[in-house]
Amino acid sequence: MNSTNDIVILGIESSFDDTSAAIIVNGEIRSNIIAGQKVHENYGGVVPELASRAHQQNIVPVVDQAIKEAGIFLESISSIAYTRGPGLLGSLLVGTSFTKGFSLALNIPMIEINHLQGHVLAHFIKENATDNIQPTFPHLCLLVSGGNSQIILVKSHLEMEVIGQTIDDAAGEAFDKCAKVMGLPYPGGPLIDKLAKEGNPNAISFSKPRIEGLNYSFSGLKTSFLYHLRDELKENPNYIEENKANLCASLQKTIIDILLIKLIKASKEKGINEITLAGGVSANSGLREELKLKAEELDWNLYLPDFKYTTDNAAMIAIAGYYKYLASEFASHKMVPFARMELK
Ligand code: KG4
């Protein structure tokens with residue numbers, strides 16, 4: 001049970017297709033409940049209208065379970081932090097409306113969180129009271145997900161600057177779209193990761209972008225992958241089936257190479273050796289291994305997220321809320337969600 005001086009944050013995440021609620025007490029995780037949505041499986045992607053309906057069904061039981069599992073009283077909650085954006089508007093509206101109602105009913109302040117800031121701050125979630133392994137400032141975060149590929153200069157818990165980002169597709173999208181043309185189900189990223197383990201990463205070479213500065217581009221790779229399949233399928237209709245592992249391993253290696261070239265450049269330019277990884281694609285085993293190798297070679301302090309924080313979760317929203325609570329950055333009940341939101 002917690003004391004009256006404890007800072008207890010209830011986090012709410014509903015930006016895409018996971019409904020999640022978490023309790024963080026003084027920066028330490030107490031519960032993190034996530035309800036996925038199987039309803040999209042037959043559609044090859046997330047259907048926005050179905051996602052918001054599922055959030056509506058899930059949000060109350062998920063919050064209830066998070067509070068019960070944390071073993072706290074409702075009255076001990078200091079504040080409720082929620083994802084304001086970016087994401088699907090209908091999904092965000094469910095979390096926003098719930099948060100407003102909860103905040104008014106308990107007469108506690110609400111805190112708005114940028115989903116991307118949550119991903120970056122997941123590295124500050126303490127697993128227990130003695131867990132002090134956290135990145136220092138400034139550090140660079142490689143944030144790679146289905147919607148974003150960014151290099152972020154993290155100056156403090158609440159001060160972040162995007163110094164590089166994709167000008168077209170995100171890394172996760174490259175995984176998912178290439179998986180789709182190979183006939184793999186959505187989301188293809190985890191399957192490519194699995195199949196890549198049995199293939200040769202140097203079997204096929206795909207084109208890499210030549211983009212100035214620290215920005216990324218993945219649309220050329222997608223086209224190069226598509227043209228490769230089109231040409232090979234003309235000669236051999238079973239080409240994909242017979243070469244799936246090599247295709248996955250080579251595609252994955254190319255995506256990792258593209259990501260790391262710019263991350264290394266950013267580290268050199270900024271003189272920062274403190275590096276973190278975040279977002280859905282951070283679960284990729286090849287990327288994690290390659291980053292570990294680079295960390296040894298380049299003397300980086302590398303922080304890889306726990307697998308449970310690689311997918312969308314409310315624990316990362318609650319920890320961001322904790323730091324905003326400490327800075328007394330509260331939100332008005334007039335706040336509306338935003339489908340698009342820059343990281344500031
Ligand atoms: O952050 P996230 O959960 O949500 C969105 O940004 O929407 O990221 C989901 C993305 C998807 O593109 C998925 O294919 C990718 O993360 N992903 C992976 C792996 N696990 C998830 N990509 C490559 N390898 C993985 N193991």
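The structure reproduced in this document is the subject of the present report. (Residues numbered from 1 in each chain as written. Predicted model: local features only at pLDDT ≥ 70, side-chain atom pairs only at ≥ 80, totals over all residues. Heavy atoms only, no water.)

Turning our attention to the layout of surface pockets. Roughly 1,400 Å³ of volume is contained in the largest pocket. What lines the largest pocket is a set of 42 residues, among which Phe 16, Gly 146, Asp 176, Tyr 186 and Pro 187 lie closest to the centre. Counting only elements with at least two residues in the lining of the largest pocket, the list comes to helix 3 (115–121), helix 4 (171–181) and helix 5 (189–196). Take the lining of the largest pocket: its biggest share by element is six residues, from helix 4. Estimated volume of the second largest pocket: approximately 330 Å³. What lines the second largest pocket is a set of 15 residues, and nearest its centre among them are Gly 147, Asn 148, Arg 340, Met 341 and Glu 342. Of the residues belonging to the lining of the second largest pocket, the class tally is six nonpolar, six polar and three charged. (1 Å grid on protein atoms, 1.4 Å probe; cavity = no way out; pocket = protein on both sides within 12 Å on 5 of 7 lines; lining within 4 Å. Points joined across faces, edges and corners; volume = space filled by probe spheres on them. Helix = DSSP H or I, 4+ residues; strand = E, 2+ residues; numbered from the N terminus. Nonpolar A, V, L, I, M, F, W, Y, C, P; charged D, E, K, R; others polar.)

Turning to its location among the elements, Lys 222 is positioned in helix 6 (residues 219–235). The exposure class of Lys 222 is partly exposed, given its relative accessible area of 25%. Spatially, the C-alpha atom of Lys 222 lies 10.0 Å from that of Asp 176, the residues being 46 residues apart in sequence. Excluding residues that lie within four positions of it along the chain, Lys 222 makes contacts with Asp 169, Lys 177 and Cys 178. Within the local environment of Lys 222, its side chain forms a polar contact with the side chain of Asp 169, the two groups lying 2.9 Å apart. (Buried < 20%, exposed > 50% of the residue type's maximum accessible area, 1.4 Å probe, protein only. Contact = heavy atoms within 4.5 Å. Polar contact = N/O pair within 3.5 Å; in protein donor to acceptor, adjacent residues only side chain to side chain.)

So, on to the side chain of Glu 274. By the secondary structure assignment, Glu 274 is in strand 9 (residues 274–278). The buried charged residue Glu 274 lacks any salt bridge, with Lys 126 as its nearest oppositely charged partner at 15 Å. Within the local environment of Glu 274, its side chain forms a polar contact with the backbone nitrogen of Thr 136, the two atoms lying 3.0 Å apart. Within the local environment of Glu 274, its side chain forms a polar contact with the side chain of Tyr 303, the two groups lying 2.8 Å apart. (Lys, Arg positive; Asp, Glu negative; His and termini not counted. Salt bridge = Lys/Arg side-chain N within 4 Å of Asp/Glu carboxyl O.)

This part covers the sheet that holds strand 5 (residues 110–114). In space, the five strands of this open sheet follow the order 3-2-1-4-5, with mixed pairing throughout. Two strands close off the open sheet at either side, each with one partner strand: strand 3 (28–35) and strand 5. The average angle at which neighbouring strand axes cross in this sheet is 20°, direction not considered. Here strand 2 (residues 19–25) pairs with strand 3 via seven bridges, running antiparallel. When the sheet's bridge partners are listed, Ile 23 is paired in strand 3 with Ser 31. The strands touched by helix 1 (residues 48–70) within the sheet are strand 1 (8–13), strand 2 and strand 3, with strand 2 carrying the most contacts at an inclination of about 25°. (Pairing = 2+ DSSP bridges. Axes fitted to C-alpha atoms, helices over the stretch in contact; angles between N-to-C directions.)

Attention shifts here to the pairing of strand 9. The buried fraction of strand 9 is high, at five of five residues. Burial along strand 9 is two-sided: Glu 274, Thr 276 and Ala 278 facing one way and Ile 275 and Leu 277 facing the other are all buried. In the sheet, strand 6 (residues 139–144) pairs with strand 9 via four bridges, with the strands oriented parallel. Paired with Leu 140 across the bridge in strand 9 is Ile 275. Note: strand 9 against strand 10 (residues 301–303), three bridges, orientation parallel. Within strand 10, the residue paired with Ile 275 across the bridge is Leu 302. For the handedness criterion, the β-α-β arrangement of strand 9, helix 8 (residues 285–298) and strand 10 is classed as right-handed. (Right-handed = clockwise from strand over helix to strand, strands pointing away.)

With that settled, consider the nonpolar core. With 45 residues, the main nonpolar core has Met 182, Phe 218, Leu 247, Ile 255, Leu 259 and Leu 287 as its most contacted residues. Counting residues per element, the ones that place at least two in this core are strand 6, strand 7 (149–156), helix 4, helix 5, helix 6, helix 7 (239–270), strand 9 and helix 8. If we skip the residues at most four places from it in the chain, Phe 218 touches Ser 149, Thr 166, Asp 168, Asp 169, Ala 170, Ala 171, Ala 174, Ile 255, Ile 258 and Leu 259. In terms of nonpolar packing, the next biggest core, distinct from the first, is built from 31 residues, Leu 143, Ala 315, Ala 320 and Tyr 322 among them. (Core = buried A, V, L, I, M, F, W, Y, C linked by side-chain atoms within 4.5 Å.)

Let's shift gears to the packing of helix 1 against helix 2 (residues 89–106). Relative orientation of the contacting elements helix 1 and helix 2 amounts to 40°, with a least axis distance of 9 Å. What the angle tells us is that helix 1 and helix 2 run oblique. Handedness of the crossing formed by helix 1 with helix 2: right-handed. Of helix 2, the residues touching helix 1 (which contributes Ala 51, Ser 52, His 55, Gln 56, Ile 59, Val 60, Val 63 and Ile 67) are Gly 90, Ser 91, Val 94, Gly 95, Phe 98 and Phe 102. (Parallel < 35°, antiparallel > 145°, perpendicular 65-115°, else oblique. Left-handed = near helix turned anticlockwise from the far one by under 90°.)

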